[in-house]
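Chain by chain, the residues:
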Amino acid sequence: MSTVDEGIHRAPTIPVHIVADPAPLGLAAFAMTTLALSLGNANVWPAGATAALGLALVYGGFAQLLAGMWEFARKNTFGAIAFTSYGAFWISYYVLAHFLLGSLTAAEAGQAVGVFLLGWTILTFYLMIAALRVNLAVLAVFVALDITFILLTIGAFDANTHINKVGGWVGVVTAAFAFYASGAGVINDTFKKTLLPDFPLAKG
């Protein structure tokens, strides 16, 4: 076979696409939206809950969905499931708060929010277990987030504003951890050295 024939029959080269780490984007989107809602829940700035609605649709929702899709491209199952799920969480929260809850009685709204949060509590719990193989910065986010969801779920079912307020404060802590993890990712990658440690966990 001639060299020309070999070139014709040779399998085409598949281009390799290098995708930047989407985790700092996903964590920042999650952190900012969580901070706004949590400041409202903690009654620090009640209008924070309104700000969270705008963030939920665009940054917390859409930007996190994009981060999740890029994690799929990087074959990172944990990041893909986490960012896609929490992006969908914020979009569904927007739909629930903006379109649905207003047509319910106070008791029905509490039940609806409680059921909504209960599912996310369960998802967050097993993602927290998976985070044991990531790093301490990400693990801290999931531990604090699951505590936040537990408190807000109880507060919603019991119509307990005190528990909701405590959940809001834990949510502020969650946002702080997420901002740190995001900052560590983007700063360390940009400077090509560890300036903010994320404390990797043992893989053994």
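Now for a description of the structure that goes with this document. These figures come from a predicted structure and were not determined experimentally. Every chain begins its residue count from 1, and numbering advances along the sequence as written. Local features in this predicted model are restricted to residues of pLDDT 70 or higher, and side-chain atom pairs are both shown and tallied only at a pLDDT of 80 or more, whereas totals for entire chains, interfaces and linings draw on every residue. Excluding hydrogens and water, the side-chain figures rest on all heavy atoms present in the structure.

**Regarding the packing of helix α2 (residues 23-41) against helix α3 (residues 48-73)**
Put simply, the test is: Helix axes use the C-alpha atoms of the stretch in contact, all axes being lines fitted to C-alpha atoms, and the angles between their N-to-C directions lie in the range 0 to 180 degrees. Secondary structure follows DSSP: runs of H or I at least 4 residues long count as helices, runs of E at least 2 residues long count as strands, and numbering of each begins at the N terminus. Here the word oblique covers every angle except those under 35 degrees (roughly parallel), over 145 (roughly antiparallel) and from 65 to 115 (roughly perpendicular). Crossing handedness is read from the near helix: turned anticlockwise from the far helix by less than a right angle, it gives a left-handed crossing, and turned clockwise, a right-handed one.
Axis separation between α2 and α3 bottoms out at 8 Å; the angle between their running directions is 160°. What the angle tells us is that α2 and α3 run roughly antiparallel. As α2 packs across α3, the resulting crossing turns out to be left-handed.

**Topic: the layout of surface pockets**
Under the convention used in this document: Site definitions follow a grid-based scheme: protein atoms alone, a 1 Å grid, a 1.4 Å probe that fits but cannot get out for cavities, and for pockets an open set with protein on both sides within 12 Å along at least five of seven lines, plus lining residues having an atom within 4 Å of a point. Grid points are joined across faces, edges and corners, and a volume is the space filled by probe spheres set on the points. For this classification, the nonpolar set comprises Ala, Val, Leu, Ile, Met, Phe, Trp, Tyr, Cys and Pro, the charged set comprises Asp, Glu, Lys and Arg, and every other residue, Gly included, is treated as polar.
Looking at the largest pocket, its volume works out to about 620 Å³. Taken together, 31 residues line the largest pocket, and the ones lying closest to its centre are L37, N41, Y93, V113 and L152. Of all the secondary-structure elements, those providing two or more residues to the lining of the largest pocket are α2, α3, α4 (77-100), α5 (106-130), α6 (136-158) and α7 (161-191). Class assignment for the residues of the lining of the largest pocket results in 19 nonpolar, eleven polar and one charged. If you add up the space inside the second largest pocket, you get close to 440 Å³. Lining the second largest pocket are 26 residues, and of these A23, L27, V134, N135 and V138 lie nearest its centre. Among the elements of the structure, α2, α3, α4, α6 and α7 are those that each provide at least two residues to the lining of the second largest pocket. Taken together, the residues of the lining of the second largest pocket break down into 16 nonpolar, six polar and four charged.

**A closer look at a nonpolar patch on the surface**
What counts here: Only residues whose relative accessible area exceeds 30% and that form no salt bridge are eligible for patches; like-charged ones are grouped when within 9 Å, while nonpolar side chains (Val, Leu, Ile, Met, Phe, Trp, Tyr) are grouped when within 5 Å. Where accessible areas are quoted, they stem from the Shrake-Rupley method and a 1.4 Å probe; at the residue level, only the protein chains shown are allowed to cover. Salt bridges are identified by distance alone: a Lys or Arg side-chain nitrogen within 4 Å of an Asp or Glu carboxyl oxygen.
Nonpolar side chains collect at one region of the surface, where V115, L118, I122, F125, Y126, I129, L132 and F157 lie side by side and expose about 790 Å² of accessible area between them. It is α5 that contributes the most residues to the nonpolar patch, six residues altogether. Tracing the backbone through its elements, the reader meets F157 in helix α6.

**A short note on the nonpolar core**
Burial of nonpolar side chains together is a common tendency in soluble globular proteins. Stated formally: Working definition of a nonpolar core: buried Ala, Val, Leu, Ile, Met, Phe, Trp, Tyr and Cys residues. They are joined through side-chain atoms within 4.5 Å. Between buried and exposed lies partly exposed: a residue is buried under 20% and exposed over 50% of the maximum accessible area for its type, with that area taken using a 1.4 Å probe on protein chains only. The criterion used for residue contact is that any of the two residues' heavy atoms lie within 4.5 Å.
In terms of nonpolar packing, the biggest core is built from 30 residues, with Y86 and F142 touching the most fellow members. Residue assignment for this core shows that the elements contributing at least two residues are α2, α3, α4, α5 and α6. For this core, the element with the most residues is α4, which contributes eight residues. Non-local contacts of F142, meaning those with residues more than four positions away in its chain, are made with F78, A82, Y86, T124, L127, M128 and A131. Counting six residues, the second-largest nonpolar core is a separate cluster that includes A23, L27, F83 and A137.

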